[in-house]
Amino acid sequence: MAQEVCSLKAQLKEQEKEIAALKKKLSQLEKSHTSALELHDKVRPLTPLKAKLALSNEDIMRYSRQLLLPELGVQGQLNLSKTSVLVVGCGGLGCPLAQYLAAAGIGRLGLLDYDEVELSNLHRQVLHGEENQGQAKALSAANAARRLNSTVECIPYHLQLSSENALQLIQQYDIVADCSDNVPTRYLVNDACVLSGKPLVSASALRMEGQLTVYNYSGGPCYRCLYPVPPPPETVTNCSDGGVLGVVPGIMGCFQALEVIKIASGQGSSCSQQLVMFDAQDARFRSIKLRPKQAGCAVCGENPSVTKLVDYESFCGSAATDKCRKLNLLPRDQRITVQDYQSIMDKAVPHLLLDVRPLVEVEICHLPFSLNIPLSSLEERKTEHIQLFQERISQLKQQMAGDCRPPVYVICKLGNDSQKAVQVLEKMSGSEVDSIMVKDICGGLMAWAQKIDPTFPQY
Ligand SMILES: [Zn+2]
């Protein structure tokens, strides 16, 4: 009898263990099912964000260190939980911004990016990992934010913000953060924020410098009040042209998160009508007062001429992407392809290959037989460089039979600067140097790497 009781008890224990394991498996499956994020490729209406009436015990534990701050407190935390923020661009600024907003307990995060994760993003876009390469950035960022804080509602948008969708999207959010890296998107986001009455926390980072301003907030100016006319497209440099140290957008993205949290929690931002500049070299922040809101502003002024979204690419004369643009400065007969250049090399035709990239890029990679004179040195007619060039041309002339003009082929990274250099050399030909025949190699070294030599590094 006693033996039977013992055996039944043991059996029961086994069964309970099995039930517990099954329950655990079921709850994990349910969790992963409900947490699968749906990638939005168009703008859809969202359900209104529900306001929390009180903090749960888990909330109190999670946010305890910031709840202790009199500047935030329980009411500030509740305010965060009912605020939605749209992050335009999930790159170097958007990643740290989204990370801190999720960690702080923002209610809803819209994460917008049209691009996919690439290896060259990872040094600064710290929400994405090696395993996310090729994945939509919006989805990768949303998954990372969700891992950090599953109570935040994350909505990934894999789409390009445009005049057709920006208003509908921005109207659904309380605060907008511009983390894009191109001028047309800046104007588009600004106008959409003014037209829908939303504060815009805007930042940028390039090389070793960063900037931040809050626009259209508490009676302050909008982006157009300060920059009524877009800059000439050829004067604009982005990160893929000019480079950036990853931690610089990291700092600026964190700074954006700070201002968003201050606005959302009810403390308010002090960066309206202020331009905060960060100099990473000197480790210094400076702040300058900007001019106030302009009565004559085209979008937020008294008699606005912009009352709906316009075509921002044609307004700015450049594309609304963060990729490098392609210039077309030369006629066809002044340009050769990388395949043409390969056959010139194969036939050992005497010529000079001139690499016009800055030295820092030549040190990354170069073709072994090229002469390096940076475009800036040609434009400034730097004596030692011009002399070097003259010497190489006269050597080349001696190698060539007859008196045809020595051919010079100009190369750079992508084929933009090389065209500018051809124009400079054309002017010099026959006066400052012997008469030369000068052509540009289309697409530059990156085309060489893609089409001719796959072992050549891409950067
Ligand atoms: Zn304005």
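Residues numbered from 1 in each chain as written. Predicted model: local features only at pLDDT ≥ 70, side-chain atom pairs only at ≥ 80, totals over all residues.

In the nomenclature of an unreviewed UniProt entry, the protein corresponds to Adenylyltransferase and sulfurtransferase MOCS3 from the organism Lates calcarifer. Regarding the protein, the UniProt comment filed under Subcellular location (unreviewed entry) reads as follows: "Cytoplasm, Cytosol". Note on the protein: under the UniProt heading Sequence similarities (unreviewed entry), the record states "In the N-terminal section; belongs to the HesA/MoeB/ThiF family. UBA4 subfamily." (UniProt positions renumbered as here; feature names shortened; annotations may be inferred.)

Looking at the overall build of the protein
When you go through the protein residue by residue, the secondary structure sums to 18 helices and 13 strands. On C-alpha atoms alone, the protein measures out to a radius of gyration of 29 Å, which is more than a quarter above the 23 Å that the 2.2 N^0.38 rule sets for 459 residues. In the protein, of all internal contacts separated by at least 6 residues, the share reaching a separation of at least 24 is 71%. (Helix = DSSP H or I, 4+ residues; strand = E, 2+ residues; numbered from the N terminus. Rg over C-alpha atoms; globule rule 2.2 N^0.38 Å. Contact = placed C-beta atoms within 7 Å.)

Regarding unusual backbone geometry
At serine 218, a position not held by glycine, the phi torsion is positive, near 45°. Tracing the backbone through its elements, the reader meets serine 218 in the loop between strand E6 (209-215) and helix H9 (223-226). Even without glycine at this site, arginine 381 takes up a positive phi of about 50°. Of the residues examined, arginine 381 has 11 C-beta atoms within 10 Å and is grouped as exposed. (Buried ≥ 20, exposed ≤ 12 C-beta atoms within 10 Å, placed from the backbone.)

Quick look at the pairing of strand E4 (residues 175-178)
On a regular strand, one side chain projects to one face of the sheet and the next to the other, so that they alternate. With burial as the criterion, each face of E4 is covered, one bearing Ile175 and Ala177 and the other bearing Val176 and Asp178. In terms of strand pairing, strand E1 (residues 84-88) meets E4 through four bridges, oriented parallel. The residue bridging leucine 86 from the neighbouring strand is valine 176, located in E4. Judged from the three bridges that link them, E4 and strand E5 (residues 200-206) form a sheet pairing that is parallel. The residue bridging alanine 177 from the neighbouring strand is valine 201, located in E5. Viewed along the sheet, the connection from E4 through helix H8 (residues 183-196) into E5 turns out right-handed. (Pairing = 2+ DSSP bridges. Right-handed = clockwise from strand over helix to strand, strands pointing away.)

Focus on the UniProt feature "binding site: ATP" (unreviewed entry) in the protein
Look at the UniProt record and you will see "binding site: ATP" (unreviewed entry) annotated at Gly92, Asp113, Ser120, Asn121, Leu122, His123, Arg124, Lys137, Asp181 and Asn182. Its place among the elements puts leucine 122 in the loop between strand E2 (108-112) and helix H6 (137-148). Once residues lying within four places of it in the same chain are set aside, the contact partners of leucine 122 are His128 and Glu130. Among the secondary structure elements, lysine 137 is positioned in helix H6. On the basis of neighbour counts, which here come to 27 C-beta atoms within 10 Å, the residue lysine 137 falls in the buried class.

Some details on the packing of helix H5 (residues 94-104) against helix H11 (residues 247-265)
For the pair H5 and H11, interaxial distance at closest approach is 7 Å and the crossing angle is 40°. Relative to H11, the element H5 lies oblique. Where H5 crosses over H11, the two elements pack in a sense that is right-handed. Counting all contacts with H5, which are made through Gly94, Cys95, Pro96, Leu97, Tyr100, Leu101 and Ala104, the residues of H11 involved are Gly250, Gly253, Cys254, Gln256, Ala257, Val260 and Ile261. Looking at the contact of H5 with H11 residue by residue, the class counts come to ten nonpolar, four polar and no charged. (Axes fitted to C-alpha atoms, helices over the stretch in contact; angles between N-to-C directions. Parallel < 35°, antiparallel > 145°, perpendicular 65-115°, else oblique. Left-handed = near helix turned anticlockwise from the far one by under 90°. Nonpolar A, V, L, I, M, F, W, Y, C, P; charged D, E, K, R; others polar.)

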